[in-house]
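# What the coordinates show
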Amino acid sequence: MKGDNEMHYILYTGAERFLTKNGFDTAGISPSKLKEKLALMKQQRSSLEASLRTTESDVKSLEQERSLLQEYMAKDYSRDVEKPKEKDKDRAI
């Protein structure tokens with residue numbers, strides 16, 4: 001039991017030194033507030049990851065559509081289109 005308390009003390013003082021060294025005011029730090037912030041950040045991360053997956057799926061779908069459109073535009077359809085007959089040309093004028 002005494003060993004556990006010593007270990008916690010060592011970890012706590014080490015963390016406190018690290019925070020102080022990096023410019024944090026350790027007197028104003030509340031573990032419960034930090035836990036709340038961490039939980040909120042985890043929720044935001046999950047939401048952003050879901051949004052990222054949706055966006056990646058949308059991008060993949062749009063890339064496939066773009067590829068199909070490029071193939072369609074590259075084809076030569078001039079053989080399939082009938083040329084207007086001479087009589088039709090006179091009517092158009």
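Please read these numbers as outputs of a predicted model, since none were measured by experiment.

### Section: the overall build of the chain
Each helix and strand counted, the chain has three helices and zero strands in total. Reading the chain from its N terminus to its C terminus gives the helix and strand order α-α-α. Every one of the 93 residues in the chain was classed for burial, and the buried ones make up 1%.

### Quick word on the layout of surface pockets
Its volume calculated, the largest pocket comes out at about 210 Å³. Lining the largest pocket, in full, are Tyr-12, Ala-15, Glu-16, Leu-19, Thr-26, Ile-29, Pro-31, Leu-34 and Lys-35. For the lining of the largest pocket, the elements supplying multiple residues, two or more each, are α1 (2-21) and α2 (31-74). The element contributing the most residues to the lining of the largest pocket is α1, with four residues. Among the residues making up the lining of the largest pocket, the classes are represented as six nonpolar, one polar and two charged.

### Re the pattern of salt bridges
Within the structure shown, the criterion is met by two salt bridges. Among the ionic pairs, Arg-45 bridges to Glu-49, the shortest N-O distance being 3.1 Å. Taken together, the residues Arg-45 and Glu-49, both in helix α2 and four residues apart, mark about one turn of the helix. A salt bridge links Arg-66 to Glu-63; the shortest N-O distance between them is 2.6 Å. Pair noted here: Arg-66 and Glu-63 are both in helix α2, with a separation of three residues, about one helical turn. Given the relative accessible area of 40%, Glu-63 is considered partly exposed.

### Notes on the confidence of the model for the chain
The share of residues in the chain with pLDDT of 70 or more is 80%, and the mean pLDDT across the chain is 84. When mean pLDDT is taken per element in the chain, α2 scores highest with 94 and helix α3 (residues 86-92) scores lowest with 57.

Definitions and limits used
- Residues numbered from 1 in each chain as written.
- Predicted model: local features only at pLDDT ≥ 70, side-chain atom pairs only at ≥ 80, totals over all residues.
- Heavy atoms only, no water.
- Helix = DSSP H or I, 4+ residues; strand = E, 2+ residues; numbered from the N terminus.
- Buried < 20%, exposed > 50% of the residue type's maximum accessible area, 1.4 Å probe, protein only.
- 1 Å grid on protein atoms, 1.4 Å probe; cavity = no way out; pocket = protein on both sides within 12 Å on 5 of 7 lines; lining within 4 Å.
- Points joined across faces, edges and corners; volume = space filled by probe spheres on them.
- Nonpolar A, V, L, I, M, F, W, Y, C, P; charged D, E, K, R; others polar.
- Salt bridge = Lys/Arg side-chain N within 4 Å of Asp/Glu carboxyl O.
- pLDDT = per-residue confidence, 0-100.

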